[in-house]
Amino acid sequence: MNAPATPLVTLSGLDVTLGRQRVLRGVDFAISPGEIVTIVGPNGSGKSTLLRAIIGAIRPSAGSVRHKPGLRLGYAPQRLHIDPTLPLTVRRFLGLPKRVTDAAAREALDEAGAGDLRTRQMSDLSGGQFQRVLLARALLGKPDLLLLDEPTQGLDQPGSAAFYRLIADVRRRYGCAVLMVSHELHVVMAASDRVICLNGHVCCEGAPEHVASAPEYRALFGTGTGGALALYRHEHDHAHDHSPKEHTHDDGCA
Amino acid sequence: MMMAVLDDFLVRAALAGVGVGLAAGPLGAFVVWRRMAYFGDATAHAAILGVALSLAFSLSIFTGTLAVALAMAWVVALLSGRGLAMDTLLGVLAHSALAFGLVAVSFVQGVRIDLMAYLFGDILAVGRIDLVVIWGGAAMVLGLLAWRWNALLTSTLSDELACAAGIDPRRERLVLTLALAVVVAVAIKVVGALLITAMLIIPAAASRPFATTPERMAVAAAAIGALSALGGLRLAYLADTPAGPTIVCVAALFFTVSTVLGLLPRRG
């Protein structure tokens, strides 16, 4: 957080307008090497838009996104619709856009816990397998910063807990920073160094415990009585809202 | 003597058909993957307008159709995302372009007789210069696709994945648009404006059931396109049917057979 190292990515005064809607306004923050930062926020709060602005898929209407020179990004999108007419094995997917050696592909798949999926068609994978393959592909470029958009979408609770452990593990081995978007508040709290609560702008940010007790956060996510318990209850309250279908509308991205 | 002449125009026709099939197959795979079939139609139908303009201004047909196909792509890009659903927009543009093209052709003297040739192709009338244009265009399209292959595939999967890898998806879209315009411009002589989309889509769709990677699908589509051209020409010669539509019929047969085989339970 207060590390003196040059930040990997610095956002200053970032504004993004999609159509006529100002999705992000005045977003400032920086990501330091090696930290795990999670962005939480309600649907339509601009979480995915923020990630897309960082990778350069959206041009800001004001402010700037600065990458550290030579920054290597590993990005796993929230959803990836692969048209059924496109035949694509996991192995071939890993080699897009840069061809990779068999050894590198195997290593990345093993890292992501997807070692047995090499020859499978992408369209035949389950939700959890798909997320692991996306992670493997993101790891292939030996990234300085992993960007993961709702990486546990469609996983059950043990599955997503395992996925977060995997991410912590990957961070330890690769020494990369991780910026992820999530809606699973209580799991995220345990797995992050820093949490950013987003609702068009940065409502509050800091260590998980700090954010969980911040009034801005409570206003967005519920009025429970105390820290972790409130978060658990929140998760329960909204369990029915978390079907994958609901989340396809997330953020109103074009 | 007669036989030599006969051989010659059939050889030229075969070469023209194979050239178009080889280029249209792999490009057609992208048209299928990216759901650009309607876009292909709009570009191809606009070619009739291009023919009218070429004749009116004494340009080569290739130049005129290429220019109008590119203009059409530009108009589509300009109007897309402004309230109309994409298929509605493309439907409006494709059929308007065709109608305006047909009306424009009627103003140009002495073309009415040839209209059928531009709508359905006139492969048996392919000359040496046409062959050079067709093979030059085909080589350019295949070269573009080979050069941009991984970038094109990545941006076909997702714009975000492309951006994160430093690929500009708009540039890749432009590459495909340009390739499509070139294919339309060279294929109008072979299968005609109305059936160009068929040569793009049918071989690609026919190769889908047995392809496991994008590369195999593209190669198979090229092969099926070329074989359809040869088979269609042969059949048209034997049965005295119009060559362009017969080529498309053979491609459709390939599609039927491969789809049926693809539905059979796999062994092992």
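Look a little higher up for the structure.
Residues numbered from 1 in each chain as written. Chains lettered and ligands numbered in written order. Predicted model: local features only at pLDDT ≥ 70, side-chain atom pairs only at ≥ 80, totals over all residues. Heavy atoms only, no water.

Asks: What should I look at first to understand the overall build of chain B in this one?
Replies: Secondary structure assignment for chain B yields 11 helices and 0 strands. Helices (α) and strands (β) of chain B occur, in sequence order from the N terminus, as α-α-α-α-α-α-α-α-α-α-α. Across the 268 residues in chain B, those meeting the buried criterion constitute 51%. Just so you have it, chain B exposes about 12,300 Å², and 71% of that area is on carbon and sulfur atoms. (Helix = DSSP H or I, 4+ residues; strand = E, 2+ residues; numbered from the N terminus. Buried < 20%, exposed > 50% of the residue type's maximum accessible area, 1.4 Å probe, protein only. Areas by Shrake-Rupley, 256 points an atom, 1.4 Å probe, with all protein chains shown as cover.)

Asks: Mind showing me how you'd approach the side chain of Asp15(A) here?
Replies: Within the secondary structure, Asp15(A) is located in strand 1 (residues 9–18). Those residues in contact with Asp15(A) that sit more than four places away from it in its chain are Arg22(A), Leu24(A), Arg25(A), Gly26(A), Pro60(A), Ser61(A) and Ala62(A). (Contact = heavy atoms within 4.5 Å.)

Asks: How should the interface of chain B and chain A be read in this particular structure?
Replies: How big an interface is tends to be reported as the loss of accessible area on association of its parts. Listed per partner, the contact involves 23 residues of chain B and 26 residues of chain A. Roughly 2,100 Å² of surface becomes buried between chain B and chain A when both sides are summed, with 60% attributable to carbon and sulfur atoms. Of all residues in chain B, the largest losses of buried area upon contact with chain A belong to Leu157(B), Glu160(B) and Leu161(B), amounting jointly to 29% of the total for that side. The interface formed by chain B and chain A contains 4 salt bridges. For the salt bridge of Glu215(B) with Arg99(A), the shortest nitrogen-to-oxygen distance reads 3.9 Å. (Buried area = accessible area lost by both parts, 1.4 Å probe. Salt bridge = Lys/Arg side-chain N within 4 Å of Asp/Glu carboxyl O.)

Asks: For this particular structure, what's the right way to read the nonpolar core?
Replies: General note: in soluble globular proteins, nonpolar side chains tend to be found buried as a group. Ranked by size, the top nonpolar core spans 163 residues in total, and within it Val133(A) and Tyr217(A) carry the most contacts. Ranked by residues supplied to this core, first place goes to helix 1 (residues 2–33) of chain B with 12 residues. Residue-level mapping places this core at the junction of two domains, with at least three residues from each of domain 1 (9–72 + 143–252) and domain 2 (81–142) of chain A. (Core = buried A, V, L, I, M, F, W, Y, C linked by side-chain atoms within 4.5 Å. Domains from an automatic or database assignment.)

Asks: What's the story with the environment of Pro69(A) in this structure? I'm lost.
Replies: Residue and element names in this part refer to chain A. Positionally, Pro 69 belongs in the loop between strand 4 (62–67) and strand 5 (73–76). The exposure class assigned to Pro 69 is exposed, which follows from its relative accessible area of 77%. Spatially, the C-alpha atom of Pro 69 lies 8.5 Å from that of Leu 8, the residues being 61 residues apart in sequence.

Asks: For this particular structure, what's the right way to read helix 2 (residues 37–56) of chain B?
Replies: Because the α-helix completes a turn every 3.6 residues, residues three or four places apart line up on one side. Residues and elements named next belong to chain B. Over its 20 residues, helix 2 runs 29 Å from end to end, which matches the ideal 28 Å to within 8%, given 1.5 Å per residue. Approximately 25° is the largest bend angle found in helix 2, and it occurs at Ile 48. Directly after helix 2, the chain includes Ser 58, whose backbone phi takes a positive value near 50°. (Expected span 1.5 Å × (residues − 1). Bend = angle between axes of the 7 residues up to and from the residue.)

Asks: Explanation requested: the layout of surface pockets in the structure shown.
Replies: In this approach the atoms are scanned with a rolling probe the size of a water molecule, which exposes any empty space left behind. Volume-wise, the second largest pocket comes out at about 450 Å³. Lining the second largest pocket are 20 residues; nearest its centre among them are Leu73(A), Lys98(A), Gly141(A), Ala164(B) and Ala165(B). Those elements that provide at least two residues to the lining of the second largest pocket are strand 5 and helix 4 (127–140) of chain A together with helix 7 (159–164) of chain B. A class-by-class count of the residues in the lining of the second largest pocket yields 14 nonpolar, 3 polar and 3 charged. Residues lining the lining of the second largest pocket come from more than one domain, with at least three contributed by each of domain 1 (9–72 + 143–252) and domain 2 (81–142) of chain A. (1 Å grid on protein atoms, 1.4 Å probe; cavity = no way out; pocket = protein on both sides within 12 Å on 5 of 7 lines; lining within 4 Å. Points joined across faces, edges and corners; volume = space filled by probe spheres on them. Nonpolar A, V, L, I, M, F, W, Y, C, P; charged D, E, K, R; others polar.)

Asks: What is the right way to look at the pattern of salt bridges in this model?
Replies: A side chain of one charge can pair with a side chain of the opposite charge when the charged atoms of the two come close. Residue and element names in this part refer to chain A. This model, assessed by the stated rule, comprises 22 salt bridges over all chains. Across the pair Asp 102 and Arg 91 runs a salt bridge, and its minimum N-O distance is 2.7 Å. Note that Asp 102 is positioned in helix 3 (residues 102–111) and Arg 91 in helix 2 (residues 90–94), a separation of 11 residues in sequence. Several salt bridges share partner residues, and in doing so they unite Glu 111, Asp 169, Arg 172 and Arg 173 into one network.

Asks: How do you make sense of the sheet that holds strand 1 of chain A when you look at a structure like this?
Replies: Either a parallel or an antiparallel arrangement is found when strands of a sheet pair, and the pairing is made through backbone hydrogen bonds. Residues and elements named next belong to chain A. On the basis of which strands lie adjacent, the open sheet formed by 3 strands has the order 2-1-4 and antiparallel pairing. Looking along the sheet, the strands with just one partner apiece sit at the ends: strand 2 (21–31) and strand 4. Pairs of neighbouring strands in the sheet enclose a mean axial angle of 25°, with direction left out of account. In this structure, strand 1 lies alongside strand 4, joined through 5 bridges in antiparallel fashion. Following the sheet pairing, Thr 10 is matched in strand 4 by Arg 66. Packing of helix 1 (residues 47–55) onto the sheet brings it into contact with strand 1, strand 2 and strand 4, and relative to strand 1 it is tilted by some 115°. (Pairing = 2+ DSSP bridges. Axes fitted to C-alpha atoms, helices over the stretch in contact; angles between N-to-C directions.)

Asks: I'm lost on the state of the cysteines in this one. Help?
Replies: Defined simply, a disulfide is a covalent bond joining two cysteines at their sulfur atoms. Inspection of every chain in the model, using the stated rule, returns 0 disulfides over all chains. Free cysteine: Cys197(A), not disulfide-bonded; nearest cysteine sulfur from Cys204(A) at 4.2 Å. (Disulfide = S-S within 2.5 Å.)

Asks: Explain the pairing of strand 8 (residues 194–198) of chain A here, please?
Replies: Successive residues of a regular strand alternate their side chains across the two faces of the sheet. Residues and elements named next belong to chain A. Where burial is concerned, most of strand 8 is hidden: 5 out of the 5 residues are buried. The two faces of strand 8 match: Arg 194, Ile 196 and Leu 198 on one face and Val 195 and Cys 197 on the other face are all buried. Alignment of strand 3 (residues 36–40) against strand 8, held across 4 bridges, turns out to be parallel. Its bridge partner being in strand 8, Thr 38 is matched across the sheet by Val 195. Between strand 8 and strand 9 (residues 202–206), which pair antiparallel one after the other, the connecting turn spans 3 residues, and Gly 200 there sits at a positive phi close to 85°.

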